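Spelled out, the chains give:
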Amino acid sequence: MTAITRRDADIDPLTVAMAPPPNESEEDRQARLAAEHAAKVRSDAIDEELNRQRQAEKRALKQVKVLLLGQSESGKSTTLKNFQLMHSPKAFRAERALWKAVIQLNIVRSIRLILDSMTEAQEAHSSPSPSTYSTSSSSRPTSPLVEKEYPRLSPDLLKLKMRLSPLLSVEEALTRTLAPSGSSELEATRLIPLRYASRSNTPPKEPSVYAGALWKGALGRLMNSDRGGDADDREEVVWDDPKDPGLVLHACAADMTQLWNDTTVRKLLEVQRLRLEEMAGFFLDSLDRVTAPKYVPSDGDILRARLKTLGVSEHRFKLKTGNMMSHEWTVFDVGGQRSLRAAWVPYFDDVEAIIFLAPISCFDQVLQEDPSVNRLEDSILLWKAIISNPLLKHTSMILFLNKCDIMKAKLASGIQFSKYVISYGDRPNNFEAASNYLRKKFSGIHKQCSPKSRSYYCHFTSVIDTSSTLHILQNVQDVLLRSNLEQSSLV
Ligand SMILES: Nc1nc2c(ncn2[C@@H]2O[C@H](COP(=O)(O)OP(=O)(O)OP(=O)(O)O)[C@@H](O)[C@H]2O)c(=O)[nH]1
Ligand SMILES: [Mg+2]
């Protein structure tokens, strides 16, 4: 057997193979060096090409930044929920239990609006003159014409009202749960009575809770401390307290249903122009289901649940594009109330696209924060301001003319669009004509006020309808990814 010396082992076989032959002639050496040089040039060119491709991919992989803009209650957070449902359904559904408290609060608020209306009717009938209303409702708008039409409440209905009074303390408990004491952030799962929309008085202040990721954290911690374990694993919140909002709501379910279905109550709401079923966070048609002890909110329930956004929240999604690449999208959801709009500007930098939500059904409503301003008019002015902003001149604009379902129902119920939008004239009072009129109006502003030409897309949406919204969002994504890739010269 041949012994392998240390020196033999140290010799790199590749070096040996590459070494010039010991008896290489000068001519052979020149030829070898030329070949080696040519190989290096080829190799450098390949490296350079790979590097270029890597840079291009990096550019294509840069974060796609999308801002959701629009007035309060336009549907921004609901659109974000659709994004979550599309890209991280597991995480979205893991939060179902957290949304249950919001839905409970939404229900209690709807019932409270009915109870308040009943109190107002009682006072109207017992008061000698409309001007001597009790202090409890002094901040509420009144009208002699409406008061005359108040239906009388039967003793049975008044008993029902009494039986439902424990719900008021549930509202307090839920609000406390969602907004722990000491929180300086105020946020409302507010339900604005539509009648304030048609009068110039200021609506009464609603109790408030704070939103964004914070409330989820607070409620999640509460659930953890109640039961231990990870909040995300559970589908159901169990409260051991006999005052548990879920228990009280369950116990009051039959009475709440009776109240909501009562013909006198319906007449009262009609007189007060309170269309609860068109308001955010409406669940009174599903009371049996949503107050059941083991109720777990469905995707649709979460989309309908109303929690107002304060500040700006950021959400990241990884998008797979079918080829080797994936993109990271950052979607920003902002608060749409007027006082919160100044916080939008820092996010205008470097933004690829804006999804602007204009709720077209709100043509007969006014802003909660300024009841002298019509909501549709506010949306149009806001759109104009966004469109003409020089910081956004390269930003793609995607307009969602939202709440089409409510718009259709309103027009079908006979509410006259032209009464609120004078320029509409004597065009037909139907969805097709009115929505097209608005589409032209918004598109015209885009054309007139854009500092530069840019991509613009307009969709009619009802973002609580997941299947159509997911289809539209897919389309939006495809268009934006394509333009992103084009800019990176990859297609
Ligand atoms: N019927 C119907 N309801 C909608 C639609 N879009 C949103 N909503 C509801 O309207 C309410 C308000 O929607 P949000 O998404 O919370 O509104 P937002 O723009 O985020 O409002 P802020 O957070 O106050 O700025 C929620 O209860 C939604 O379920 C729609 O197209 N149709
Ligand atoms: Mg929101």
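Everything numeric here is computed off the predicted structure, so don't read it as measured data.

K.L.:
Any chance you could break down the pattern of salt bridges for me, citing the residues and the numbers?
P.N.:
The final tally for this structure, using the stated rule, is 20 salt bridges. As a salt-bridge pair, aspartate 378 and arginine 338 come within 3.4 Å of each other at their nearest N and O atoms. Residue aspartate 378 is found in helix α16 (residues 375-388), and its partner arginine 338 is found in the loop between β3 (326-334) and β4 (353-359); the two are separated by 40 residues along the sequence. Given the relative accessible area of 2%, aspartate 378 is considered buried. The exposure class of arginine 338 is partly exposed, given its relative accessible area of 34%. Within the structure, one salt-bridge network assembled from shared partners comprises Arg109, Arg112, Asp116 and Glu171.

K.L.:
Explain the UniProt feature "binding site: Mg(2+)" (unreviewed entry) in the chain to me, using residue names and the numbers behind them.
P.N.:
Residues given the UniProt feature "binding site: Mg(2+)" (unreviewed entry) here are Thr309. As for its position among the elements, threonine 309 is in the loop between α15 (299-304) and β2 (312-320). Under the relative-accessibility criterion, threonine 309 is labelled buried at 11%. Only 2.8 Å separates the side chain of threonine 309 from the side chain of serine 77, close enough to count as a polar contact.

K.L.:
Which residues make up the site of ligand 1, and what values do they have?
P.N.:
Near ligand 1 you find 26 residues, and of these Ser72, Lys76, Thr78, Leu303 and Gly336 are the closest. In this structure, a nitrogen atom belonging to ligand 1 sits 2.8 Å away from a side-chain N or O atom of aspartate 405. Valine 463 has a polar backbone atom sitting 3.1 Å from an oxygen atom of ligand 1. The fraction of the free accessible surface of ligand 1 (660 Å²) that becomes covered by protein chains is 96%. For the shell around ligand 1, the secondary-structure elements that each account for two or more residues are α4 (76-87), α15 and α17 (404-412).

K.L.:
Explain the packing of helix α8 (residues 155-163) against helix α12 (residues 245-261) to me, using residue names and the numbers behind them.
P.N.:
Taken N-terminus to C-terminus, the directions of α8 and α12 make an angle of 135°; their axes are 10 Å apart at the nearest point. Between α8 and α12, the angle is such that the two are oblique. The two elements α8 and α12 meet at a crossing, and its hand is left-handed. Residue-level contacts link Leu157, Leu160 and Arg163 of α8 to Asp255, Gln258 and Leu259 of α12.

K.L.:
Go over the nonpolar core with me, naming the residues and quoting the values.
P.N.:
Core analysis: the biggest nonpolar cluster contains 48 residues, and Ile107, Leu259 and Leu276 have the highest contact counts within it. Sort the elements by how many residues they give to this core and helix α6 (residues 96-126) lands first, with 14 residues. Those residues within four positions of leucine 259 in sequence are excluded, and the remaining contacts are Ile111, Ile114, Leu115, Met118, Leu157, Leu160, Leu164 and Val265. Val351, Ala358, Ala433 and Phe442 belong to the second largest nonpolar core, which has 37 residues in total.

Cut-off values and rules
- Residues numbered from 1 in each chain as written.
- Chains lettered and ligands numbered in written order.
- Predicted model: local features only at pLDDT ≥ 70, side-chain atom pairs only at ≥ 80, totals over all residues.
- Heavy atoms only, no water.
- Salt bridge = Lys/Arg side-chain N within 4 Å of Asp/Glu carboxyl O.
- Helix = DSSP H or I, 4+ residues; strand = E, 2+ residues; numbered from the N terminus.
- Buried < 20%, exposed > 50% of the residue type's maximum accessible area, 1.4 Å probe, protein only.
- UniProt positions renumbered as here; feature names shortened; annotations may be inferred.
- Polar contact = N/O pair within 3.5 Å; in protein donor to acceptor, adjacent residues only side chain to side chain.
- Near = heavy atom within 4 Å.
- Areas by Shrake-Rupley, 256 points an atom, 1.4 Å probe, with all protein chains shown as cover.
- Axes fitted to C-alpha atoms, helices over the stretch in contact; angles between N-to-C directions.
- Parallel < 35°, antiparallel > 145°, perpendicular 65-115°, else oblique.
- Left-handed = near helix turned anticlockwise from the far one by under 90°.
- Contact = heavy atoms within 4.5 Å.
- Core = buried A, V, L, I, M, F, W, Y, C linked by side-chain atoms within 4.5 Å.

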